[in-house]
Amino acid sequence: MNPLYAGPASGKPSQMLAAVTDGEQGVRVSDGSGGALAVDSSGLTVSALPITPQCTVRACVWIFNELKSPGFGITSRENSKD
């Protein structure tokens, strides 16, 4: 698997991202989970809100408007003892 974008960005954009857009300027993400994710005003930082067994992230990368991540779950962090 070759991710198109991994945020927050550092360094140069991937070759695939550069081929379809001008770096981060053409990338925006949104909640595809009915309120389970919060996206900041930049459209690049995503935070999980409630625990949910099924979640997706939608993305717009330049002219590709309906990109959707594979489903994933949001779980709580468990306190572990070392």
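Residues numbered from 1 in each chain as written. Predicted model: local features only at pLDDT ≥ 70, side-chain atom pairs only at ≥ 80, totals over all residues. Heavy atoms only, no water.

Enquirer: Could you give an account of the pattern of salt bridges, naming the residues involved and the relevant values?
Expert: Taken as a whole and judged by the stated rule, the model has one salt bridge. With a shortest N-O distance of 3.7 Å, Arg58 and Glu66 are connected by a salt bridge. (Salt bridge = Lys/Arg side-chain N within 4 Å of Asp/Glu carboxyl O.)

Enquirer: Before we move on, could you go through the pairing of strand β6 (residues 64–68) and cite the residues and values that matter?
Expert: Sheet analysis places strand β5 (residues 57–61) next to β6, joined by three bridges and oriented antiparallel. Paired with Arg58 across the strands is Lys68, a residue of β6. (Pairing = 2+ DSSP bridges. Helix = DSSP H or I, 4+ residues; strand = E, 2+ residues; numbered from the N terminus.)

Enquirer: Outline a nonpolar patch on the surface, supporting the account with residue identities and numerical values.
Expert: Taken together, the side chains of Trp62, Ile63, Phe64 and Leu67 define a hydrophobic patch exposed on the protein surface, amounting to about 410 Å² of accessible area. Relative to the helices and strands, Ile63 resides in the loop between β5 and β6. Overall, the relative accessible area of 53% leaves Ile63 in the exposed class. (Patch = residues over 30% accessible without salt bridge, like charges linked within 9 Å, V, L, I, M, F, W, Y side chains within 5 Å. Areas by Shrake-Rupley, 256 points an atom, 1.4 Å probe, with all protein chains shown as cover. Buried < 20%, exposed > 50% of the residue type's maximum accessible area, 1.4 Å probe, protein only.)

Enquirer: Can you tell me about the side chain of Thr52, naming the residues and giving the values?
Expert: Mapped onto the elements of the fold, Thr52 is located in strand β4 (residues 52–55). For Thr52, the side chain forms a polar contact with the main-chain oxygen of Gln54, separated by 3.4 Å. In this structure Thr52 touches Ala36, Gly73 and Ile74, once residues within four positions along its chain are discounted. (Polar contact = N/O pair within 3.5 Å; in protein donor to acceptor, adjacent residues only side chain to side chain. Contact = heavy atoms within 4.5 Å.)

Enquirer: Give a detailed account of the nonpolar core, specifying residues and quantitative values.
Expert: Where a protein is soluble and globular, its nonpolar side chains tend to be buried together. In this structure, Val29, Ala36, Leu37, Cys55, Val57, Ala59 and Ile74 together form the largest nonpolar core, which totals seven residues. In this structure, Val29 is in contact with Val39, Gly43, Leu44, Val46, Val57, Arg58 and Ala59, ignoring residues within four places of it in sequence. (Core = buried A, V, L, I, M, F, W, Y, C linked by side-chain atoms within 4.5 Å.)

Enquirer: How would you explain the confidence of the model for the protein if you had to name every residue and give the values?
Expert: When pLDDT is averaged along the protein, the result is 77, and 79% of the positions lie at 70 or above. Across the protein, the secondary-structure element scoring lowest on mean pLDDT is helix α1 (residues 15–20), at 74, and the one scoring highest is strand β2 (residues 37–39), at 88. (pLDDT = per-residue confidence, 0-100.)

Enquirer: Tell me about the environment of Gly26, residues and numbers included.
Expert: Positionally, Gly26 belongs in the loop between α1 and β1 (27–31). Residue class for Gly26 comes out buried when judged on its relative accessible area of 15%. Considered as a pair, Gly26 and Cys60 are 34 residues apart in the sequence and their alpha carbons are 7.7 Å apart. If we skip the residues at most four places from it in the chain, Gly26 touches Thr21, Cys60, Val61 and Trp62.

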